[in-house]
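# Close look at the chain arrangement
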Amino acid sequence: MSHFIRSVSLLLLFASAASAQERLGLDQIGEIVRLSDPQISPDGRSVAVIVSRADFEENRRDIELVLVDVATGEQKVMTRRSVAQPNWSPSGSTLAFLSPVEGRRQLFVLPVDGGEATQITDAPTGVTSYSWRPDGSALAYLSEEEPEMREGAERHNSSFEADVNYLLTEAPRSRHLWLAPAGGGEAERLTSGEWSVGSALADGRSIAPSWSPDGQAIAFAQQPEPGPRHIYDNSIRILDAATGAIRPLNSTRHSLRGGAAFSPDGSLVSYTFPHEGDTRFVNEVHIAPVEGGDARSLTHALDRNIRTSRWMPDGRSLLILANDTTTAGLWIQPLEGSARRIDTGSAVPSSGLSISRSGQIAMLASEPNRPTELYAQSGPGGEFERLTDFNAHIAALDLGHRESIQWRGADDFDMDGVLTYPPGYQPGQPYPLVLLIHGGPRGTSTVAFSARAQWLASHGWVVFEPNYRGGDGRGTAFQAAIWNDAGEGPGRDVMSGVDLLIERGIADPDRMAVSGWSYGGYMTTWLLGNYPDRWRAGVAGAPVTDHIDQYVLSDINAPVRTYYGGSPFTDPDRLRAFREQAPITYAVHIEAPTLILCNTGDQRVPITESFILYHVLRDNGVKTQFIAYPVDGHFPADPVHQRDIDRRWAAWLKEHLDDNTP
């Protein structure tokens, strides 16, 4: 039975809140200020954060590096260069960051008390990540090898050995470690070879190197070869910065999603590793002695998929970030004993944890009706206070109320999701329902601010964001339950939530639509084909429709082969599972008008999967439209195309969902 609880007084409050306030529209979505990469100063007095605003006329985002005073909230713009990965020097007197020079990111150092930024690297292929040496004298950075130079007629020969990503135009190149003096000067190469410093994710973002406290060694992740097929083959290595000698931390392959990090006293190294070494399971934080020996899990009892971990300055605990049902949580995990949850109030942490030398924490977070802002503790262990109000104009709009719901779902799972009610919601009458399904599938919808959910709710629809098995908010058993059950089980999970909303009189069963991006597009296509009489319309964004295409063409070939236990081409039963669990197998049953959206340069979900869906629908007489964006990436990075997606998404649903349409 459901324990979905709502008080009558709260519902009456929704109705009385309808006023002359302006609702969220496309213009307001475009005005949302984005924050990223917060870095608290060593003394805890200020936080540097990247602030960006959309310029639609030039189709770009204008960036500032802003310094925020923790005590007063006073702000100072440090630079208006396009910056990434800001990082304080150990003394707190300078800030380093990456900024493009002739299309390649280079390292810069900026005095905090005034003056111009100084470029300190001239890496031919650019810098992908870096970290300060503890004494502030130098920075270790990662850079790709230069492409092979061919001579004579062969200089016109651009053939290469292909890897897993169908969009590649050259072979993956190794990343290696270099050392740059903080005051500028010639960089020193620290590593070389056909192997590569590992990447944290399939999109190739590098794991930053970690210095030992004495500045004599660097911990890093190593892949046997470059390229995304080896992202599960990482192992941790320790580099002697003076001699160049490299040794393994231990003999374990680590399947890293986060980098190795020295403890403050230099005796331990932390890293993430899936429970029992199985990539189906949650990532746990492990620690191992620097001198070698067995590692052990710190977060096994927490049973949450660890997204971020940071050593606390005392060296006796780590700060942990993980999704937890319909929110995200921070925990202090000691080296011995149970994790302790940190109270963040109504703020839902999102990313960018940073810790001062005394233990103050800064973070980015949002609230259900307030987009992301900067939060920090005034002192170690203190309450979190919101330091910025960049998005006050959005919080002042007439937004829909967001709340978490829970119920007992299919296969006896405890389920949860998030509802966004339309502004002026009147309890006691059913509303059109729009499903907005998260991707991943290792993701979670939380009560944090969602511009898209609010935008759809502003049209008078209830928006439901269900969390299905495979998501990372309910521990190992829930996350692993999607293994070899990519569609049917998660589909039952979602529909159990839909049926609950109908039973409660919230959703109108005759006016429902389903939508999502990436694996949310997978679930959209699956539900349209397996429950064809339930839907008025669908929006499938970058939809995963065929895991064989995904396995063969995508840059996440390595994770996809784990969904079913291996390659589809080495076992007839496994090939059958790939086919039976592909939404495209059931797409011939789709009846609802369906909008398809995808980037032409999507390396994660190849546009081929959208083309297949489009032809199935068109050939079977289903109303469809296929919009392609001629840009790279899994989702458009530029504001104009992002706005176009939101516009088309809502317009398609309005055309087919509202009562004034057939």
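Source: prediction; values computed, not measured.

Criteria and thresholds
Residues numbered from 1 in each chain as written. Predicted model: local features only at pLDDT ≥ 70, side-chain atom pairs only at ≥ 80, totals over all residues. Heavy atoms only, no water. Salt bridge = Lys/Arg side-chain N within 4 Å of Asp/Glu carboxyl O. Buried < 20%, exposed > 50% of the residue type's maximum accessible area, 1.4 Å probe, protein only. 1 Å grid on protein atoms, 1.4 Å probe; cavity = no way out; pocket = protein on both sides within 12 Å on 5 of 7 lines; lining within 4 Å. Points joined across faces, edges and corners; volume = space filled by probe spheres on them. pLDDT = per-residue confidence, 0-100. Contact = heavy atoms within 4.5 Å. Helix = DSSP H or I, 4+ residues; strand = E, 2+ residues; numbered from the N terminus. Arc of directions from axis to C-beta. Polar contact = N/O pair within 3.5 Å; in protein donor to acceptor, adjacent residues only side chain to side chain. Pairing = 2+ DSSP bridges. Axes fitted to C-alpha atoms, helices over the stretch in contact; angles between N-to-C directions. Expected span 1.5 Å × (residues − 1).

For the coordinates displayed, the defined rule picks out 36 salt bridges. Between Arg60 and Asp62 there is a salt bridge whose closest N-O contact spans 2.8 Å. The class for Arg60 is partly exposed, based on a relative accessible area of 42%. Connected via shared salt-bridge partners are Asp411, Arg469, Asp485, Glu488, Arg492 and Asp493.

With that settled, the discussion passes to empty space enclosed by the protein. One pass over the full model with this rule turns up 1 cavity of 30 Å³ or more. Looking at the largest cavity, the residues that line it are Thr325, Asp416, Gly443, Thr444, Asn467, Tyr468, Gly471, Asp472, Gly473, Arg474 and Phe478.

Quick look at the confidence of the model for the protein chain now. Looking at the protein chain, pLDDT values average 93 and 94% of them are 70 or higher. With pLDDT under 50 throughout, residues 1-19 is counted as low confidence; its partners more than four residues away or in other chains account for 33 contacts.

This next bit is on helix α10 (residues 572-580). For α10, the set of buried residues is Arg574, Ala577 and Phe578. Viewed along the axis of α10, the buried residues span an arc of 100°, placing them on a single side of the element. Looking at α10, the residues exposed on the side facing more than 90 degrees away from the buried face are Pro572 and Asp573. Where α10 begins, the capping side chain belongs to Asp571, and its oxygen is found 2.8 Å from the backbone nitrogen of Asp573.

Moving on, we come to the sheet that holds strand β25 (residues 340-342). One open sheet accounts for 4 strands, arranged β22-β23-β24-β25; its pairing is antiparallel. Looking at the sheet topology across the chains shown, the edges are occupied by β22 (306-311) and β25. In this sheet, adjacent strand axes meet at a mean angle of 30° when their direction is disregarded.

Here the focus is the sheet that holds strand β12 (residues 188-189). Strand pairing in a sheet takes place through backbone hydrogen bonds and is either antiparallel or parallel in direction. If you walk across this open sheet you meet the 4 strands as β9-β10-β11-β12, and the pairing is antiparallel. Unpaired on one side and paired on the other, β9 (129-132) and β12 mark the two borders of the sheet. Pairing analysis gives 7 bridges linking strand β10 (residues 138-144) to strand β11 (residues 175-181), with the strands arranged antiparallel. Across the sheet, the residue bridging to Tyr141 is Trp178, located in β11.

What follows is about helix α11 (residues 608-619). Between its first and last C-alpha atoms α11 spans 16 Å; for 12 residues at 1.5 Å apiece the expected length is 16 Å, and the two agree. Of the positions making up α11, those classed as buried are Glu609, Ser610, Leu613, Tyr614, Val616 and Leu617. Looking straight down α11, one finds its buried side chains confined to an arc of 165°; they lie on one side. Next to the buried residues of α11 lie α7 (519-530), β35 (537-541), α8 (547-553), β36 (594-601) and β37 (624-632). One or two steps after α11, the chain reaches Gly621, where phi turns positive at roughly 75°.

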